[in-house]
Amino acid sequence: MKALISPAQNNFVVQVEPDDQTFEIGLPLFWEDCPDNIIAYQYQYIDGQYVAYIPPAPTAEENKQTATQLLQATDWTTIADVGNPQLSNPYLANQAEFIAYRNAVRQYAVYPQAGNIDWPTIPVENWVKV
C-alpha cells in the first residue's frame, strides 16, 4: 500500500492506494509505503512513522455552540399544540422525550464545559394521527 502525504496539510495522509494504483503527483505531495491499516485523514506521517491523529478536545465555547445548535434544531418540539392531540392532528406523541432530551442538552448550553461530551441521543419523532 502507498500513502499520499501532504506536507501542506501537516503531513496528513490524504489518500491510500494499492502499490499498482498510484499516480503522478506534484510537489510537495509525495507517496510513501504504508501498512494496510492506514486511513486517510486519520494518520500523519511524522519523522518516517505513521501516527494516529487525535483531534484536540472541544473547548467550553465550542461545546456551548454545539448545545445551542442542538436546542435550536428541536425548538419546534416545544410548541404547545404539537404534542396535544386535541389541537394537532397528527400530534407528537413523544413530546416528553424531546423535553427530557432538551433539558439534558441545555445543561451544556448554560454551564459549558471543555472536553469530549457524550451528547444525549435525539429522540425519534413519533407522530400519531387522531
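Residues numbered from 1 in each chain as written. Predicted model: local features only at pLDDT ≥ 70, side-chain atom pairs only at ≥ 80, totals over all residues. Heavy atoms only, no water.

A. Examining the overall build of the chain more closely. Across its full length, the chain holds two helices and seven strands. In sequence order, the chain lays out its α and β elements as β-β-β-β-β-α-β-α-β. For 130 residues, the compact-globule formula gives about 14 Å, and the C-alpha radius of gyration of the chain, at 23 Å, lies well above that figure. Expressed as lengths along the three principal axes of its C-alpha atoms, the size of the chain is roughly 65 × 35 × 25 Å. Burial status across the chain gives 26% buried among its 130 residues. (Helix = DSSP H or I, 4+ residues; strand = E, 2+ residues; numbered from the N terminus. Rg over C-alpha atoms; globule rule 2.2 N^0.38 Å. Buried < 20%, exposed > 50% of the residue type's maximum accessible area, 1.4 Å probe, protein only.)

B. Spotlight on the side chain of S6. Among the structural elements, S6 can be located in strand β1 (residues 2-6). Not counting residues within four places of it along the chain, the set of residues in contact with S6 comprises N11, F12, V14 and L29. (Contact = heavy atoms within 4.5 Å.)

C. How the structure looks around the environment of P85. Take P85: it is sitting in the loop between α1 (60-73) and β6 (91-92). In this structure P85 comes out as partly exposed when scored by relative accessible area, which is 38%. Taking the C-alpha atoms as reference points, P85 and K129, separated by 44 residues in sequence, lie 8.2 Å from one another. Not counting the four nearest positions on each side in its chain, P85 is found in contact with Y91 and V130.

D. Fine view of the pairing of strand β2 (residues 12-17). In the sheet, β1 pairs with β2 via five bridges, with the strands oriented antiparallel. From the neighbouring strand, I5 faces β2, where its bridge partner is V13. (Pairing = 2+ DSSP bridges.)

E. The arrangement of the packing of α1 against helix α2 (residues 95-110) in detail. One way to put it is that α1 packs onto α2 with a least axis distance of 8 Å and a crossing angle of 150 degrees. As judged from the angle between their axes, α1 and α2 are roughly antiparallel. Helix-helix and strand crossings are classified by hand; for α1 and α2 the assignment is left-handed. Facing K64, A67, T68, L70 and L71 of α1, the residues of α2 in contact are Y101, R102, V105, R106, Y108 and A109. Of the residues belonging to the contact of α1 with α2, the class tally is seven nonpolar, one polar and three charged. (Axes fitted to C-alpha atoms, helices over the stretch in contact; angles between N-to-C directions. Parallel < 35°, antiparallel > 145°, perpendicular 65-115°, else oblique. Left-handed = near helix turned anticlockwise from the far one by under 90°. Nonpolar A, V, L, I, M, F, W, Y, C, P; charged D, E, K, R; others polar.)

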